[in-house]
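Listed below are the residues making up each chain.
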Amino acid sequence: MSHDTLIHRIVRPAVRRIASTGVTPNQLTTVRLVTGVAAAVGFACGGTWADLGGIMFLLSMLFDRADGELARQTGQMSPGGHRYDLCVDCLCDAIAFIGIGIGLALAGGLGFAPVLLGAAAGIGIGVLFWQLNVTKVIELSRYAMRHRGVVVDPDDALALVPVFVWLGLAWPMLIAAAVITPAGAAWLGVLARRPKPAVQK
């Protein structure tokens, strides 16, 4: 992922202000975890709580960028912190969709299907995270959009999740996520199995 996306630029001034306070990147990652869990719980509760969950989800995304930004600005980058960040990111994104599924199921009229779709989307996200960040099947930054110096990474599209919730479009979004994420993971699985071209000597 690029380290100079639009969201990075949004959080950068605030990170500069706290860089000298002793706050650590892992502490920001923990706040990312807490806000991510709060978002999922809000989505699961439905109604006004789901709207608040959307706000918490966006805050969680900001902290997701802020922890890495702080690590780079203060030279506190470490393998352990990177792994913690990746695990928290994966968990927060996955449980958000599970929470949305639970909220739709509790609202009635759709049966248990939303929970299953939320779980499918969550598992798909988990597999994608593994493929992109551990096995590194492809370089995600290659697919970033750039316009006049502004970079938007593919995972920045998650900022649309609360927008769909606020617009009452959580159900079609959940269906799309339950199809796209497992399909994307399957596609990357196929890419990983392709033989690498021989290196010319």
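Residues numbered from 1 in each chain as written. Predicted model: local features only at pLDDT ≥ 70, side-chain atom pairs only at ≥ 80, totals over all residues. Heavy atoms only, no water.

Overview of the pattern of salt bridges
Move 1: All told, the structure shown has 7 salt bridges when counted by the stated rule.
Move 2: Residue arginine 12 pairs with glutamate 69 through a salt bridge whose shortest N-O separation is 2.8 Å. Here the residue arginine 12 occupies a position in helix 1 (residues 6–18), and glutamate 69 occupies one in helix 3 (residues 47–74), the gap between them amounting to 57 residues.
Move 3: Where glutamate 69 meets arginine 72, a salt bridge forms, and the shortest distance between an N and an O atom there is 3.6 Å. With a gap of 3 residues between them, glutamate 69 and arginine 72 both fall in helix 3, about one helical turn apart.
Move 4: Look at the salt bridges and you will find they share partners, linking Arg32, Asp64, Arg65, Asp89, Asp93 and Asp156 into a network. (Salt bridge = Lys/Arg side-chain N within 4 Å of Asp/Glu carboxyl O. Helix = DSSP H or I, 4+ residues; strand = E, 2+ residues; numbered from the N terminus.)

Overview of the side chain of aspartate 156
Move 1: Position of aspartate 156 among the secondary structure elements: in the loop between strand 2 (150–152) and helix 6 (160–166).
Move 2: Note on aspartate 156: relative accessible area 8%, which makes it buried.
Move 3: Of the polar contacts made by the side chain of aspartate 156, one reaches the side chain of arginine 65; its length is 2.3 Å. (Buried < 20%, exposed > 50% of the residue type's maximum accessible area, 1.4 Å probe, protein only. Polar contact = N/O pair within 3.5 Å; in protein donor to acceptor, adjacent residues only side chain to side chain.)

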